[in-house]
Amino acid sequence: MGLEIKNLTVELCTDGHNCINVADSLFLTINEGEVVSIVGESGSGKSFLGLSILRLNPPRISNITSGEIRIKCKSQDKEIDILKLNPEELIGVRGRLVSMIFQDPNTSLNPVMKIGEQITEAILAHKKVSKKEAIDTAVLYLDSMNIDGKSRFGSYPYELSGGMRQRVMIAMAMVLHPCFLIADEPTTALDVTTSLRVLKLIEDIREKSNIGVIFITHDLTVARSISDRIYVFYAGQVMESGNTEDLINNPAHPYTVSLIKSVPFLSTDYTPKQRLFTIPGFITKDDFSKGKCRFYSRCFKRDENCLTDISISSFEGGRDVRCIKVKNV
Ligand SMILES: Nc1ncnc2c1ncn2[C@@H]1O[C@H](COP(=O)(O)OP(=O)(O)O)[C@@H](O)[C@H]1O
Ligand code: SF4
Ligand SMILES: [Mg+2]
């Protein structure tokens, strides 16, 4: 049982001909009951990846050019490839097998529709149940997210706090019992306490329903707290992946090393009052281009040997690293 992404490439063409691979030959696996984080800074293509799994990537500017997204849940007879489904079959996958919590709860909920009605509508669109049954289920799911379902059913999104809106989104994502959940930066817009509550909710859901979670975040500390495995993502490619604690305690790729050094809680050589390490520069469109390591412009170890496409290598202990300088982990 699991979700397997094989050789996924997604092209993004913003002005018709100037195209980049915003996801480039990606291989990822997520087992049922496992939380896997995709970690990388803003602009690295994490949301595109999440959207592409459900084929929700913006159609006018982007195109899935190759790959397979194979999924097998307990509720299915056989494995399917999401990329081969017709539009009707795709509706049966979205929400039912794979759900997504979108990056911004403020814009993902319909502002002029009561939250209870939004959840009820999602149930009625997929299940043959009466309106009363759908309403009862919506109330139950709001309750399970620590929102009083009965009194809040008729609230509009603007009447809720950011944390409550995010929990409504989670209720909506879970109401059809998917076996995989994609959570795109679900805590980024929240304060620390609310963010911890949302993380705890996701952990509870994983435990109770044995769901597989793809947790997208720019925050390595959050990824460490919630995930079994981490994929470190940069400019549309996986730079390194491995078991969470192994990867944090023994990073191999210069980008992972730099990310960890820039987080005081994770860095082993940081002392208070010391100036915190920062990775020079920003991610740019040029980083997505071919013919060089995508991290080249910002890497502290780069040399002329890195001016070629770099493939990913597998090491013992389930670690994969994309760097020619890493010979062992
Ligand atoms: N609607 C869009 N139009 C054009 N470019 C976009 C659009 N959305 C994202 N991009 C570009 O695609 C790249 C990846 O974006 P995204 O997947 O949103 O990154 P992340 O989620 O990691 O912050 C970025 O370089 C971004 O500028
Ligand atoms: S291949 Fe070169 S530029 Fe890329 S991460 Fe390794 S050392 Fe840095
Ligand atoms: Mg994003």
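Placed above this text is the structure.
Residues numbered from 1 in each chain as written. Chains lettered and ligands numbered in written order. Predicted model: local features only at pLDDT ≥ 70, side-chain atom pairs only at ≥ 80, totals over all residues. Heavy atoms only, no water.

Chemist: Looking at this structure, I do not really get helix α1 (residues 46–53). What am I missing?
Modeler: α1 sits mainly inside the fold: seven of its eight residues count as buried. Residues of α1 that are buried: Lys46, Phe48, Leu49, Gly50, Leu51, Ser52 and Ile53. At the exit of α1 stands arginine 55, carrying a positive phi of roughly 55°. (Buried < 20%, exposed > 50% of the residue type's maximum accessible area, 1.4 Å probe, protein only. Helix = DSSP H or I, 4+ residues; strand = E, 2+ residues; numbered from the N terminus.)

Chemist: It is not clear to me how the state of the cysteines should be interpreted in this structure. Could you clarify?
Modeler: As used in these notes, a disulfide is a covalent bond between sulfur atoms, one from each of two cysteines. Under the definition given, this model contains two disulfides. Between cysteine 73 and cysteine 179 runs a disulfide, and the two sulfur atoms are separated by 1.6 Å. Of this pair, cysteine 73 sits in the loop between β4 (62–72) and β5 (80–81) while cysteine 179 sits in the loop between α7 (162–174) and β7 (180–184), placing them 106 residues apart in sequence. The same class applies to cysteine 73 as to cysteine 179, namely buried. Bonded cysteines in the protein are paired 1-2, 3-4 when counted in the order they occur along the chain. (Disulfide = S-S within 2.5 Å.)

Chemist: What is the right way to look at the site of ligand 2 in this model?
Modeler: The full set of residues close to ligand 2 is His253, Pro254, Cys293, Tyr296, Cys299, Lys301, Arg302, Cys306, Cys323, Ile324 and Lys325. Its residues assigned to classes, the shell around ligand 2 comprises seven nonpolar, one polar and three charged. (Near = heavy atom within 4 Å. Nonpolar A, V, L, I, M, F, W, Y, C, P; charged D, E, K, R; others polar.)

Chemist: Can you help me understand the coordination of the magnesium ion (ligand 3) in this one?
Modeler: When four donors bind a metal tetrahedrally, each ideal donor-metal-donor angle is 109.5 degrees, and when six bind octahedrally, the ideal angles are 90 or 180 degrees. Within the protein, the atoms that donate to the magnesium ion (ligand 3) are Ser47 (OG) and Gln103 (OE1), at distances of 2.1 to 2.3 Å. Of the two residues, serine 47 is situated in helix α1 and glutamine 103 in the loop between β6 (98–101) and α3 (105–108); the sequence distance between them amounts to 56 residues. A relative accessible area of 22% means that serine 47 is categorised as partly exposed. According to the relative accessible area criterion, glutamine 103 is partly exposed, its value standing at 38%. (Donors = N, O, S within 2.8 Å, 3.2 Å for Na, K, Ca; no water.)

Chemist: Explain the site of ligand 1 to me, please; I cannot follow it from the model alone.
Modeler: Near ligand 1 the following residues occur: Leu12, Thr14, Val22, Glu41, Ser42, Gly43, Ser44, Gly45, Lys46, Ser47, Phe48 and Ile61. Here an oxygen atom of ligand 1 and a backbone polar atom of serine 44 are 3.2 Å apart. Between ligand 1 and lysine 46 there is a distance of 2.9 Å, counted from an oxygen atom to a side-chain nitrogen or oxygen. Bound to the protein, ligand 1 loses 66% of the 560 Å² it would expose on its own. With three residues, the top contributor of residues to the shell around ligand 1 is α1. Partitioning the shell around ligand 1 into residue classes produces four nonpolar, six polar and two charged. (Polar contact = N/O pair within 3.5 Å; in protein donor to acceptor, adjacent residues only side chain to side chain. Areas by Shrake-Rupley, 256 points an atom, 1.4 Å probe, with all protein chains shown as cover.)

Chemist: Teacher, can you tell me more about unusual backbone geometry here?
Modeler: With a phi close to 55°, asparagine 7 is a non-glycine residue in the positive phi region. In this fold, asparagine 7 is placed in strand β1 (residues 2–13). Using a relative accessible area of 32% as the deciding quantity, one classes asparagine 7 as partly exposed. Its identity as a non-glycine residue notwithstanding, glutamate 185 has a phi of 45°, on the positive side. In this fold, glutamate 185 is placed in the loop between β7 and α8 (192–209). In this structure glutamate 185 comes out as buried when scored by relative accessible area, which is 5%.

Chemist: How should I be thinking about the pairing of strand β2 (residues 19–31) in this particular structure?
Modeler: Put simply, side chains in a regular strand alternate between the two faces of the sheet. Summarising the sheet, β1 and β2 pair through nine bridges and their orientation is antiparallel. In the strand pairing of β2, leucine 3 is matched with isoleucine 30. Connecting β1 to the next strand, β2, in antiparallel fashion are five residues, including glycine 16 with a positive phi near 90°. (Pairing = 2+ DSSP bridges.)

Chemist: So what exactly am I meant to see when it comes to the environment of serine 44 here?
Modeler: Tracing the sequence through the fold places serine 44 in the loop between β3 (35–39) and α1. Between the C-alpha atom of serine 44 and that of arginine 322, which follows or precedes it by 278 residues, the distance is 16 Å. Residue contacts for serine 44: discarding those within four places in its chain leaves Val22, Phe233, Tyr234, Ala235, Gly236, Ile283 and Phe288. For serine 44, the side chain forms a polar contact with the main-chain oxygen of glutamate 41, separated by 2.6 Å. (Contact = heavy atoms within 4.5 Å.)

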